[in-house]
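# Geometric and topological summary
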Amino acid sequence: MCSNVRNKNKTVPNQGSLAIMLKQIAVDFMKCMIVQIHWLFDIIVDFCFSLYYDSKVRRVPPVNDQLLLESGVSLAKKIREGTVTSEKVVRTFIDRCKEVNGLLNAIVVECYEDAIKEAQEVDKLLKTDVDREILKKTKPYLGVPFTTKESNEAKGMKHTMGMMCRRDYVSTEDATVVELLKQAGGIIIAKSNIPEMNLWIESRNNVYGQTNNPYNTTRTVGGSSGGEGAIVAACGTAISIGSDIGGSSRIPAFCNGIFGFKPSEGVTSCKGIGMRMENSKDTMVSAGPICKNAEDLEPLLRVLIGENISMLRLDTRVDLKNLKVFYQVSSGDIRSSLVSKEVRSTLMKAVRHFEQLTGSATKIKMPGSEYSYRLWRYWMTQEKGDFRHLITNRKSVASAKTEVMKLASCQSELTLAAILKLADMDFLPQENGDWARYITLNLQKYLLDKLNDNGILLYPSLPNAVPYHYASYLKPFNFGYFCLFNALRFPVCQVPMGLDRNGLPTGIQVVAAPYNDHLCLAVARELEKVFGGWVPPS
């Protein structure tokens, strides 16, 4: 009898453990219900938006000159060798900008005439006996046209930040990264659209209006480098400089089917990016390449790094067969949309390829990835500069209450996105700093232990298709899939993986441990080779 009693004590939980078990079951049930309700909500949102937008779809016309399809590296080679003149290349891209911009509204500031004059000077230089090999090393992008986002300073060009109170501001000097690309021979032809103050996942502001997606004009181009994403994908520029503090290069790269790279912390200067007047290494923001050909990622990154080149191991040969491959199919954040079957399928195509190549691919769940947005939200409060002050061009301090009242009377100069940012700061409780730092440190340690110096993580981009214009207001937490890696300060590359069943771009993110950027770039090149990479929007 005693033996039976002992057996019962082993199998029957006490009241305390039973209560805990029932509580966990209830929590899991509630999470499941929230996920299902969110899934249904997303279906209803997309259906309603489709009723309004689907009859209005347009896309950019096909290119009529093969030069527009080439990489910046290829164009630079042809210019150096005299196969084509820089003036011809620059004029061809300018003509394409003029052809598509009426549809896209991507280019908002242009310097076409100055660019043509610069190209003519390049052609004059190449008619002399200048050493081509030295030019290849010192000016790898000689004569190649490029663009950058409006928020990156370029001397003599407007730098409004999409803010009405700065609509007449003109830069007196270049951002460091813009200067570096000019020194490398690049010729700036234009600047492109952004969201106000760079802080939204769509490119729309009251100075320049809204930018449209070249694959489907009813869809967003992402933000904040949205104009760059659109004009690169539409073949209006050869290469581009973006910046990324919460997915600002990678979201547009995803939405427009191109490559966008966020380097490791501190390797690129942030002076002249946004309203930063000096460089700072302790920041989530970094500048990086945006391009349609993976071939440009590494050489363009080398240019933008400048004197910090020794911080990375870009000359290290990567044996893809020896990589340790990890993947995660969902962040676990119940506030974001459910990862769609198509997005999951895209991710798994890459996983299966590397599983076949390396012999294994391990599924993981990063501890704390479900808090992606909350972690980024906390670390944004640690960035230099007060949004309330900056949004007035440092003239006063804005408040959510005042701007909401102005909005109600149609008197506010701010966009809805900027007002929501103010509301988040003024009305909502802020994240606990001790908690956020602990979760971030734990996440960093977990990923560092996994990736080390020879591992990569394959991760979803947005959990579902490129959104309709304005739909992101109803799906604000989806960008957590991008901003997590800003909070962690890891290098990450957005890689295009073709088009979905509706002809919209899709892709995945490739993550490596800090200062192992070369692994991201090697994997990006491999995925382009196997799956085709960028697909022209027409």
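What this report covers is the structure whose coordinates are included nearby. (Residues numbered from 1 in each chain as written. Predicted model: local features only at pLDDT ≥ 70, side-chain atom pairs only at ≥ 80, totals over all residues. Heavy atoms only, no water.)

Here we take up the overall build of the chain. Counting secondary structure elements, the chain contains 18 helices and 13 strands. Against the globule reference of 24 Å for 538 residues, the chain gives a C-alpha radius of gyration of 24 Å, in line with a compact fold. Referenced to the eigenvectors of the C-alpha coordinate spread, the extents of the chain come out at roughly 105 × 60 × 45 Å. Counting the 538 residues in the chain, one finds 57% classified as buried. Of the roughly 23,000 Å² of accessible surface on the chain, a fraction of 55% belongs to carbon and sulfur atoms. (Helix = DSSP H or I, 4+ residues; strand = E, 2+ residues; numbered from the N terminus. Rg over C-alpha atoms; globule rule 2.2 N^0.38 Å. Buried < 20%, exposed > 50% of the residue type's maximum accessible area, 1.4 Å probe, protein only. Areas by Shrake-Rupley, 256 points an atom, 1.4 Å probe, with all protein chains shown as cover.)

At a minimum axis separation of 8 Å, helix α14 (residues 400-408) and helix α15 (residues 416-427) run at an interaxial angle of 145°. The two elements α14 and α15 cross, and the hand of that crossing is left-handed. Contacts between α14 and α15 pair A400, K401, E403, V404 and L407 from the former with L416, I419, L422, A423, D426 and F427 from the latter. Split into classes, the residues belonging to the contact of α14 with α15 amount to eight nonpolar, no polar and three charged. (Axes fitted to C-alpha atoms, helices over the stretch in contact; angles between N-to-C directions. Left-handed = near helix turned anticlockwise from the far one by under 90°. Contact = heavy atoms within 4.5 Å. Nonpolar A, V, L, I, M, F, W, Y, C, P; charged D, E, K, R; others polar.)

What follows deals with helix α12 (residues 372-380). The α-helix advances 3.6 residues per turn, and as a result positions three or four apart in sequence lie on the same side. Most of α12 sits inside the fold, with eight of its nine residues counted as buried. Taken together, the buried positions of α12 are occupied by S372, Y373, L375, W376, R377, Y378, W379 and M380. For α12, the elements touching its buried residues are α15, α16 (433-451) and α17 (480-488).

This part is about helix α11 (residues 341-358). Here α11 spans 25 Å end to end across 18 residues, near enough to the 26 Å set by a 1.5 Å rise per residue. If you check which residues of α11 are buried, you get V343, T346, L347, M348, A350, V351, H353, F354 and T358. In the core, the buried residues of α11 are packed alongside β9 (324-327), β11 (455-460), β12 (492-499), β13 (505-511) and α18 (517-531). Two residues or fewer past α11, G359 is found with a positive phi of approximately 100°. (Expected span 1.5 Å × (residues − 1).)

Locating E153 in the fold gives a position in the loop between β2 (145-149) and α7 (176-183). As a buried residue without a salt bridge, E153 has its nearest oppositely charged side chain in R166, at a separation of 5.9 Å. A distance of 2.6 Å separates polar atoms of two side chains, one belonging to E153 and the other to S171. Discounting residues that sit within four places of it in the chain, E153 has contacts with H159, Y169, S171, T172, E173, D174, A175, V178, K191 and G272. (Lys, Arg positive; Asp, Glu negative; His and termini not counted. Salt bridge = Lys/Arg side-chain N within 4 Å of Asp/Glu carboxyl O. Polar contact = N/O pair within 3.5 Å; in protein donor to acceptor, adjacent residues only side chain to side chain.)

What follows is about the nonpolar core. In terms of nonpolar packing, the biggest core is built from 123 residues, with L181, I189, M366, L447, L457 and F485 touching the most fellow members. In terms of residue count, the dominant contributor to this core is helix α4 (residues 86-104) (eight residues). With sequence-adjacent residues up to four places away left out, F485 is seen in contact with R250, K262, M366, L447, L457, Y459, F490, V492, Q509 and V511. Counting 36 residues, the second largest nonpolar core, distinct from the first, contains F259, L301, V495 and L519. (Core = buried A, V, L, I, M, F, W, Y, C linked by side-chain atoms within 4.5 Å.)

On to the sheet that holds strand β7 (residues 259-262), then. In spatial order, the strands read β1-β3-β2-β6-β8-β7-β12-β13-β11-β9-β10; together these eleven strands make up an open sheet with mixed pairing. A strand with exactly one partner marks an edge of an open sheet, and here the two such strands are β1 (107-110) and β10 (362-363). One ladder, built from two bridges, connects β7 with strand β8 (residues 286-291); its direction is antiparallel. Pairing of F259 across the sheet is with C291, part of β8. Helix α5 (residues 112-126) rests against β1 and β3 (187-192) of the sheet, and its axis sits at about 160° to β3. Sitting on the sheet, helix α8 (residues 226-233) is in contact with β1, β2, β3, β6 (239-244) and β8, with an inclination near 155° to β2. (Pairing = 2+ DSSP bridges.)

Our focus in this paragraph is a negative patch on the surface. On the surface, E110, E113, D114 and E118 cluster together into a negatively charged patch. Of the residues forming the negative patch, the biggest block, three residues, is contributed by α5. In this fold, E118 is placed in helix α5. On the accessibility criterion, E118 (38% relative accessible area) is partly exposed. (Patch = residues over 30% accessible without salt bridge, like charges linked within 9 Å, V, L, I, M, F, W, Y side chains within 5 Å. Charge placed at Lys NZ, Arg CZ, Asp CG, Glu CD.)

On to the packing of α11 against α18, then. Remark: α11 packs on α18, axes separated minimally by 11 Å, with the N-to-C direction vectors making an angle of 105°. By the angle class used here, α11 and α18 are roughly perpendicular. Of the residues in α18, those touching α11 at K349, A350, H353, F354 and L357 are V523, E526, L527, V530 and F531. (Parallel < 35°, antiparallel > 145°, perpendicular 65-115°, else oblique.)

Another point: unusual backbone geometry. Cis geometry marks the peptide bond from G223 to S224, where omega comes out at 15°. By the element assignment, S224 lies in the loop between β5 (209-210) and α8. Positive phi outside glycine occurs at R394, with the angle close to 65°. Mapping R394 onto the fold places it in the loop between α13 (387-390) and α14. Residues other than glycine seldom take positive phi values, yet R489 does so here, at roughly 70°. The exposure class of R489 is buried, given its relative accessible area of 11%.

Let us now look at a nonpolar patch on the surface. Taken together, the side chains of W39, L40, I43, I44 and L338 make up a nonpolar region of the molecular surface, amounting to roughly 470 Å² of accessible area. Checked against the element boundaries, L40 lands in helix α2 (residues 15-53). Of the residues examined, L40 reaches a relative accessible area of 45% and is grouped as partly exposed.

A few words on the pattern of salt bridges. A full pass over the atoms with the stated rule returns 29 salt bridges. One salt bridge connects K406 with E403, and the closest N-O pair in it is separated by 3.8 Å. With K406 and E403 both in helix α14 and three residues apart, this pair spans about one turn of that helix. With a relative accessible area of 9%, E403 lands in the buried category. The shortest N-O distance in the salt bridge between D449 and K445 comes to 3.2 Å. Of this pair, D449 and K445 both sit in helix α16, separated by four residues, roughly a single helical turn. For the pair formed by D449 and K445, the shared burial category is exposed. Because the salt bridges share partners, they merge into one network encompassing E298, R302, D315 and R525.

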